[in-house]
Amino acid sequence: WAKAEGRGRWAVYDPERSARDSARSALAAGLPAALDRSEFVLHYQPIVSLLDGRMTAVEALVRWQHPELGLIGPDRFIGLAEETGLIVRLGEWVLRQACQDAQRWHAEFPAARLVVSVNVAARQADAPAIVDTVADALASTGLPAELLQLELTESAVMGSAGEPLRTLHRLAALGVRLAVDDFGTGYSNLAYLRRLPITCLKLAGPFVEGIRDNEPDDADHRDERIVDALVRLAHALELWVTAEAVETEAQAERLRALRCDTAQGRLFGPPGPPQEIVTRLRGPM
Ligand code: C2E
Ligand code: MG
Ligand code: MG
Ligand code: MG
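Residues numbered from 1 in each chain as written. Chains lettered and ligands numbered in written order. Predicted model: local features only at pLDDT ≥ 70, side-chain atom pairs only at ≥ 80, totals over all residues. Heavy atoms only, no water.

This paragraph deals with the overall build of the protein. Looking only at helices and strands, the protein features 12 helices and 11 strands. Taking 19 Å as the expected radius of gyration for a compact globule of 285 residues, we find that the protein reaches 20 Å, a close match to that expectation. Dimensions of the protein along its principal axes, counting C-alpha atoms only, are 60 × 50 × 40 Å. Each of the 285 residues in the protein was classed as buried or not, and the buried ones make up 46%. Contacts spanning at least 24 positions in sequence make up 67% of the contacts within the protein whose residues lie at least 6 apart. Across the protein, the mean location of the 31 positive side-chain charges is 3 Å away from that of the 40 negative side-chain charges. (Helix = DSSP H or I, 4+ residues; strand = E, 2+ residues; numbered from the N terminus. Rg over C-alpha atoms; globule rule 2.2 N^0.38 Å. Buried < 20%, exposed > 50% of the residue type's maximum accessible area, 1.4 Å probe, protein only. Contact = heavy atoms within 4.5 Å. Lys, Arg positive; Asp, Glu negative; His and termini not counted. Charge placed at Lys NZ, Arg CZ, Asp CG, Glu CD.)

Structural data, given as structure tokens:
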């Protein structure tokens, strides 16, 4: 058959696309039951200081332990969860689980002052209920607010005026930290940036990827100069800067020279189950 795509537009039947779409809908249909059956798990990736290598934070990254398909990454289901609205319940689960894990680590290793950083989808951040959700997660787990960081995307925070901006201020008033995730990949309104109650910018992977040594098509070090400018901008606004997707020692070296504060990526450890964080907190850091 042919399927209507918007008003008066018809698409030709495409078996490949149709198979992809039905796999997508099957995955989407399975999301609510997966939440009820506790099939989601959190992995954590270390965020380390570029000054002394100390692990200062961990980012919580959700995965779906699917009974037939195995471990599924968030890029395959977060978008679906946003479209279906399930992201609100899934996000609540992520927040509570991350706060619970972080509180356990904090109880056992108080000197580490380990911060847990949780991704918040635009659709979650938009709803004023997010403030109660965060307050509840902190109260029910006992995690000190300053050990929780929320990562919001540029599009989630930049468009915010009026009510959403008040929501950000109410979140900040709880004492949690707010970070802008994937900074530099969306549309940032710099005049607006300075009015936001944020504490950290996370530099998107592609910029970091571009600063490897001897890159033939980047003889003039353009990506490196962009990172330099973004770090200076962040520091001028008294914000911390975290670099994402750091894979090589050469990149870490350049980021250190550019005064980037913290970093995460395969070089410092991939995302892994909570037990790996405990091992790291126990062992010599
Ligand atoms: P993100 O927040 O930008 O997370 C960083 C992504 O970079 C993670 O992908 C991580 O596994 C990946 N990464 C880690 N080290 C390296 C490296 O050395 N090189 C490269 N190229 N990548 C690295 P992941 O786990 O697949 O998550 C993808 C995205 O899904 C996240 O991007 C985030 O936007 C979203 N996400 C993950 N968990 C949640 C969640 O609980 N809630 C919401 N709303 N979104 C989430
Ligand atoms: Mg993130
Ligand atoms: Mg990111
Ligand atoms: Mg990303």
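For the pair helix α3 (residues 87–108) and helix α5 (residues 130–141), interaxial distance at closest approach is 9 Å and the crossing angle is 30 degrees. The angle between α3 and α5 falls in the class roughly parallel. Regarding α3 and α5, the two cross each other, and that crossing is right-handed. Packed against α3, whose contacting residues are E92, L95, R96, C99, Q100 and Q103, the element α5 presents I130, T133, V134, D136, A137, L138, S140 and T141 at the interface. Class assignment for the residues of the contact of α3 with α5 results in 6 nonpolar, 5 polar and 3 charged. (Axes fitted to C-alpha atoms, helices over the stretch in contact; angles between N-to-C directions. Parallel < 35°, antiparallel > 145°, perpendicular 65-115°, else oblique. Left-handed = near helix turned anticlockwise from the far one by under 90°. Nonpolar A, V, L, I, M, F, W, Y, C, P; charged D, E, K, R; others polar.)

Let's shift gears to the layout of surface pockets. Any space left empty among the atoms is revealed by the rolling of a water-sized probe across them. Taken as a whole, the largest pocket encloses approximately 820 Å³ of empty space. Lining of the largest pocket is provided by 31 residues; of these, L61, P74, D75, N119 and D181 occupy positions nearest its centre. Those elements that provide at least two residues to the lining of the largest pocket are β4 (55–66), α2 (78–84), α3, α4 (122–126), β7 (148–153) and β8 (177–183). Considering each element in turn, the lining of the largest pocket owes the most residues, 5 residues, to β4. By residue class, the composition of the lining of the largest pocket is 14 nonpolar, 9 polar and 8 charged. By volume, the second largest pocket is sized at about 480 Å³. If you go around the second largest pocket, you meet 23 residues; those closest to its centre are T56, R177, W240, D261 and T262. Its residues assigned to classes, the lining of the second largest pocket shows 9 nonpolar, 6 polar and 8 charged. (1 Å grid on protein atoms, 1.4 Å probe; cavity = no way out; pocket = protein on both sides within 12 Å on 5 of 7 lines; lining within 4 Å. Points joined across faces, edges and corners; volume = space filled by probe spheres on them.)

Extensive coverage of strand β6 (residues 115–119) is indicated by the burial of 4 of its 5 residues. In terms of strand pairing, β4 meets β6 through 4 bridges, oriented parallel. Bridge assignment links E59 to a residue of β6, and that residue is S117. Here β6 pairs with β7 via 4 bridges, running parallel. (Pairing = 2+ DSSP bridges.)

Coordination of the magnesium ion (ligand 2) by the protein is provided by E59 (OE), N119 (OD1), E151 (OE) and D181 (OD), with metal-donor distances spanning 2.0 to 2.3 Å. Here the donor residues of the magnesium ion (ligand 2) share one chain and are spaced in sequence as E-x59-N-x31-E-x29-D. (Donors = N, O, S within 2.8 Å, 3.2 Å for Na, K, Ca; no water.)

With that settled, the discussion passes to the pattern of salt bridges. Two side chains that carry opposite charge are able to pair once their charged atoms sit near each other. Taken as a whole and judged by the stated rule, the model has 14 salt bridges. Where R113 meets E146, a salt bridge forms, and the shortest distance between an N and an O atom there is 3.1 Å. Of the two residues, R113 is situated in the loop between α3 and β6 and E146 in the loop between α5 and β7; the sequence distance between them amounts to 33 residues. Look at E146 and you get partly exposed, because its relative accessible area is 36%. The salt bridge involving E151 is made with K202; its shortest N-O contact spans 2.7 Å. You can see E151 sitting in strand β7 and its partner K202 sitting in strand β9 (residues 200–203), a full 51 residues away along the chain. (Salt bridge = Lys/Arg side-chain N within 4 Å of Asp/Glu carboxyl O.)

Next up on the list: helix α11 (residues 249–257). One full turn of an α-helix is made of 3.6 residues, so residues set three or four places apart face in the same direction. Among all positions of α11, only Q251, A252 and L255 are buried. An end-on view of α11 places all buried positions within 100 degrees of arc, on one side of the element. The inward-facing, buried residues of α11 abut α9 (205–209), α10 (222–236) and β10 (240–243). At the C-terminal side of α11, R259 shows a positive phi close to 70 degrees. (Arc of directions from axis to C-beta.)

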